[in-house]
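Here is how the chains run, residue by residue.
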Amino acid sequence: MKIRSSIRSLKGRHRDCQVVRRKGRVYVINKTDPRFKARAG
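Residues numbered from 1 in each chain as written. Predicted model: local features only at pLDDT ≥ 70, side-chain atom pairs only at ≥ 80, totals over all residues. Heavy atoms only, no water.

Under an unreviewed UniProt entry, the name given to the chain is Large ribosomal subunit protein bL36, and the organism recorded is Alkalicaulis satelles. Turning to the chain, the UniProt annotation filed under Sequence similarities (unreviewed entry) states: "Belongs to the bacterial ribosomal protein bL36 family." (UniProt positions renumbered as here; feature names shortened; annotations may be inferred.)

In structure tokens form, the structure reads like this:
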């Protein structure tokens, strides 16, 4: 999992990427390609 300060750029890397807020953190999750997982905050 990548930890980034800006997650807006990560959203456009794959068409299945979703931005999710959990426990005050912002996550990028991708069901079809898990290597795009990322966290901010």
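Taken together, the four strands give an open sheet; going across it, the order is 1-4-3-2, and neighbouring strands pair in mixed fashion. Sheet topology places strand 1 (2-3) and strand 2 (18-22) at the edges, where each strand pairs with a single neighbour. Of the pairings in the sheet, the one linking strand 3 (residues 25-29) to strand 4 (residues 38-40) comprises three bridges and is antiparallel in character. Note that in strand 4 the partner of Val26 across the bridge is Ala40. (Pairing = 2+ DSSP bridges. Helix = DSSP H or I, 4+ residues; strand = E, 2+ residues; numbered from the N terminus.)

Turning next to the nonpolar core. Judged by nonpolar contacts, Ile7, Leu10, Cys17, Val28, Phe36, Ala38 and Ala40 together constitute the single largest core of seven residues. Sequence-distant contacts of Cys17, that is, excluding residues within four places in its chain, are made with Leu10, Lys11, Val28, Ile29, Asn30 and Phe36. (Core = buried A, V, L, I, M, F, W, Y, C linked by side-chain atoms within 4.5 Å. Buried < 20%, exposed > 50% of the residue type's maximum accessible area, 1.4 Å probe, protein only. Contact = heavy atoms within 4.5 Å.)

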